[in-house]
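# Topology and contacts: notes
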Amino acid sequence: MALASPRPLLDDLRYAARSLAHSRGYALATVLLLALGVGANTAMFSLVDAVLFRRLAVERSEELLRVYASGAGSERGALSEISYPAYADFRDQATAFAGLAGYRDNVPLHLAAAGAAPERVEGAVVTGNYFGVLGVRPRVGRLLAPDDDRAPGAHPVAVLSERLWRARFAARPNVAGTVVRLNAVPFTVVGVAPAGFRGVSVEQAPDVWVSTAMVDDALPDLRELKPLERRGFRWLHVVGR
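Residues numbered from 1 in each chain as written. Predicted model: local features only at pLDDT ≥ 70, side-chain atom pairs only at ≥ 80, totals over all residues. Heavy atoms only, no water.

## A few points about the overall build of the protein chain
Spelled out, the test is: A run of DSSP states H or I qualifies as a helix once it reaches four residues; a run of E qualifies as a strand once it reaches two. Both are numbered from the N-terminal end. Working definition: with a 1.4 Å probe on protein chains only, accessible area under 20% of the residue-type maximum means buried, over 50% means exposed, and in between means partly exposed. Note on contacts: a residue pair is in contact if any heavy atoms of the two residues lie within 4.5 Å. A 1.4 Å probe and the Shrake-Rupley method give the accessible areas. Residues count as covered only by the protein chains that appear here.
When its secondary structure is counted, the protein chain shows six helices and 12 strands. The burial tally for the protein chain puts 38% of its 241 residues in the buried class. Within the protein chain, contacts between residues separated by at least 24 positions form 69% of all contacts whose residues are at least 6 apart in sequence. Within the structure as shown, the protein chain displays about 14300 Å² of accessible surface, and the carbon and sulfur contribution to it stands at 58%.

Quick look at the structure:
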């Protein structure tokens, strides 16, 4: 069988080029639409890649599961966060998990450190076993531990992200022991999280972690709701290994 001549294809390309040259506005609009389509697809793939394919910067992320509470009454079947008392029950009684940790991210904190202007940073309130359940090791100093979370208000300590440590504290290796103010309350920095660690929420990137025992200072608007006592107040996300 004889192969088709490439000349008709070249003629078509020349005709298309001449047509676009005579209709520059149409050509520009077409190019912009194509660019928007490619950009939207690229952005969507990037989001799916971040959510579904890339592993979290934690130990054996494939073992982690999010745990929700089911709704009641008219909300039956809906999923929601978990109250702190319910979380404590699950943590102490659940046998299907090696560990259960609670957290509340997207917490706005006002950070003030000596010699620098105050700034607003994104924080997270986490249970004392949070870093242990995730299998995260410190970059500097230590991370939060269960002993930091036993008595409300007793241990005002904080962990910094590696990004904030470099940007705000010049990557000082002796940053542990530094006193900062979070929402005007003195906190002692005990350590720095490893590079790339941002918790278990793809959407959030906390720069400061404090224990749930300090929730009244980190989230003063919730103080009247007694977040550590009220079983009906669901505010914690829970992750289990």
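## Description of the pairing of strand β6 (residues 119-126)
Cut-off, in case you're wondering: Pairing between strands is defined by DSSP: at least two bridges between them are needed.
Strand direction decides the pairing type here: strand β5 (residues 100-112) and β6, joined by seven bridges, are antiparallel. Pairing of Arg-104 across the sheet is with Val-125, part of β6. As consecutive antiparallel partners, β5 and β6 are separated by six residues, and within that stretch Gly-115 has a phi angle of approximately 80 degrees, a positive value. In this sheet, strand β11 (residues 208-211) lies alongside β6 in parallel orientation, the contact comprising four bridges. What sits directly across from Val-125, in β11, is Val-210.

## Some details on helix α5 (residues 162-169)
Keep this limit in mind: This arc is built from the directions going out from the helix axis to the C-beta atoms.
Taken together, the buried positions of α5 are Glu-162, Leu-164, Trp-165, Arg-168 and Phe-169. Mapping the buried residues of α5 onto a view down its axis gives an arc of 165 degrees, with all of them on the same face. Positive backbone phi, approximately 55 degrees, marks Ala-170, located one or two places after α5.

## Focus on unusual backbone geometry
Positive phi values are uncommon outside glycine, yet Arg-60 reaches one of about 45 degrees. In this model, Ala-184 sits at a positive phi of 75 degrees, which is unusual for a non-glycine residue. Looking at where Ala-184 falls in the secondary structure, it is placed in the loop between β9 (179-182) and β10 (185-192).

## Structural notes on empty space enclosed by the protein
Cut-off, in case you're wondering: Only protein atoms enter the 1 Å grid used here, on which a cavity is any set of points holding a 1.4 Å probe that cannot leave and a pocket is any open set flanked by protein within 12 Å on both sides along at least five of seven lines; residues with an atom within 4 Å of a point are listed as lining. Grid points are joined across faces, edges and corners, and a volume is the space filled by probe spheres set on the points. Residue polarity is assigned by list, with Asp, Glu, Lys and Arg as charged and Ala, Val, Leu, Ile, Met, Phe, Trp, Tyr, Cys and Pro as nonpolar; anything else, Gly included, falls into the polar class.
Counting across every chain of the model gives one cavity of 30 Å³ or more. Approximately 30 Å³ is the volume found for the largest cavity. Lining the largest cavity are Asp-105, Ala-124, Tyr-130, Arg-198, Gly-199, Val-200, Ser-201, Pro-206 and Trp-209. For the lining of the largest cavity, a count of residues per class yields five nonpolar, two polar and two charged.

## Some remarks on the pattern of salt bridges
Put simply, the test is: Any Lys or Arg side-chain nitrogen located within 4 Å of an Asp or Glu carboxyl oxygen qualifies as a salt bridge.
In this structure the tally under the stated criterion is 12 salt bridges. As a salt-bridge pair, Arg-231 and Asp-89 come within 2.9 Å of each other at their nearest N and O atoms. In this pair, Arg-231 is assigned in the loop between α6 (215-218) and β12 (234-240) and Asp-89 in helix α3 (residues 84-93), connecting sequence segments 142 residues apart. Arg-166 serves as the salt-bridge partner of Glu-162, at 2.4 Å between the closest nitrogen and oxygen. Remark: Arg-166 and Glu-162 occur in helix α5; sequence separation between them is four residues, near one turn of the helix. Classification of Arg-166 by relative accessible area gives partly exposed; the value is 42%. Shared partners join several salt bridges into a network, and the residues in it are Glu-59, Arg-60, Glu-63, Arg-137 and Arg-241.

## A few points about the side chain of Arg-241
Just so we agree on the cut-off: Polar contact is the term for a pair of N or O atoms within 3.5 Å; when the atoms are in protein, one must be able to donate a hydrogen and the other to accept it, and sequence-neighboring residues count only if both atoms are side-chain atoms.
Turning to its location among the elements, Arg-241 is positioned in the segment after β12. One polar contact links the side chain of Arg-241 to the main-chain carbonyl oxygen of Glu-59, over a distance of 2.7 Å. Residues contacting Arg-241, with those up to four places away along its chain left out, are Glu-59, Arg-60, Glu-63, Leu-64, Phe-97, Ala-98, Gly-99, Val-133, Leu-134 and Gly-135.

## A closer look at α3
Considered for burial, the residues of α3 that qualify are Tyr-84, Pro-85, Ala-86, Tyr-87 and Ala-88. On its buried face, α3 is in contact with β4 (82-83), β5 and β12. For α3, the N-terminal capping position is held by Ser-83, with its side-chain oxygen 3.2 Å away from the main-chain nitrogen of Ala-86.

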